[in-house]
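# An overview of the molecular structure
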Amino acid sequence: MKNLLFLSLFTIFISCSTESGAYKKSNNVENLLLKNTPKPWSEINNEGSDYALQNTKTKSLFLFNSACRKYEASSLNNLTTSLFSGLEEFKELENKSVPYQGREAIEIAATGKLDGVQRFFRIVTFQKNNCIYDFVLISTNQKNLDNDSNDLKLFLQRIILN
């Protein structure tokens with residue numbers, strides 16, 4: 001129940017810009033995870049995200065979010081950093097440019113508190129065809145974040161943006 005509450009709060013935080021009607025979800029996604037979700041991950045209620053998984057062992061969450069708007073123009077760093085604006089005691093642990101499907105993406109690892117609960121994050125943000133895509137890994141501690149980051153890389157390979 002705590003994870004669902006946290007997922008709901010974080011999804012509201014991530015997707016607040018889509019509620020104005022100016023943004024819409026992407027229709028150009030091929031999600032190969034739908035047919036073959038790796039164990040110990042299982043699909044959960046996405047609470048507004050495009051797709052959501054939970055690791056049944058570590059309780060880490062994976063969220064995939066898209067937001068599309070004609071003439072969207074923002075820097076990847078600004079887009080990713082804005083995702084953390086509601087966190088207390090925010091601390092960026094890592095920030096690097098990474099390739100993703102032939103384009104530049106930003107990967108940020110961070111920690112902070114949301115609603116008083118300490119969490120660890122790894123987020124990859126990417127832009128394509130006026131859409132912003134966020135791949136979010138949320139973990140209960142640094143060890144789980146490190147262990148589940150390999151799965152995040154796999155998820156990035158299995159969600160194809162056309």
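Look up: the structure comes first, before these words.
Moving on to the state of the cysteines. Enumeration over the complete set of coordinates arrives at 1 disulfide. The disulfide partner of C68 is C131, and the S-S distance across this bridge is 1.9 Å. Residues C68 and C131 are joined through a disulfide that is right-handed, its torsion about the S-S bond being 105 degrees. Note that C68 is positioned in strand β4 (residues 61–68) and C131 in strand β8 (residues 131–139), a separation of 63 residues in sequence.

Once that is clear, we can look at the pattern of salt bridges. Tallied over the full model, the rule gives 5 salt bridges. Across the pair E107 and R122 runs a salt bridge whose closest N-O atoms are separated by 2.8 Å. Here E107, found in strand β6 (residues 103–114), pairs with R122, found in strand β7 (residues 117–128); they are 15 residues apart in sequence, far enough to count as distant. Given the relative accessible area of 9%, R122 is considered buried.

Think of a sheet as strands paired side by side through backbone hydrogen bonds, with each pair either parallel or antiparallel. Across the sheet, which stays open at both edges, the 7 strands sit in the order β2-β3-β4-β8-β7-β6-β5 with antiparallel pairing between neighbours. Every other strand in the sheet has two partners, leaving β2 (41–43) and β5 (88–100) as the edge strands with one partner each. Strand-to-strand twist of the sheet, defined as the mean angle between neighbouring strand axes without regard to direction, takes the value 20 degrees. Relative to β8, β4 runs antiparallel, the two being bridged by 8 bridges. Counterpart to S66 in the pairing with β8 is Y133. Together, β2, β3 (51–55), β4, β5, β7 and β8 form the strand contacts of helix α3 (residues 142–158), whose direction differs from that of β8 by roughly 145 degrees.

Basis of the calculations
Residues numbered from 1 in each chain as written. Predicted model: local features only at pLDDT ≥ 70, side-chain atom pairs only at ≥ 80, totals over all residues. Heavy atoms only, no water. Disulfide = S-S within 2.5 Å. Helix = DSSP H or I, 4+ residues; strand = E, 2+ residues; numbered from the N terminus. Salt bridge = Lys/Arg side-chain N within 4 Å of Asp/Glu carboxyl O. Buried < 20%, exposed > 50% of the residue type's maximum accessible area, 1.4 Å probe, protein only. Pairing = 2+ DSSP bridges. Axes fitted to C-alpha atoms, helices over the stretch in contact; angles between N-to-C directions. Contact = heavy atoms within 4.5 Å.

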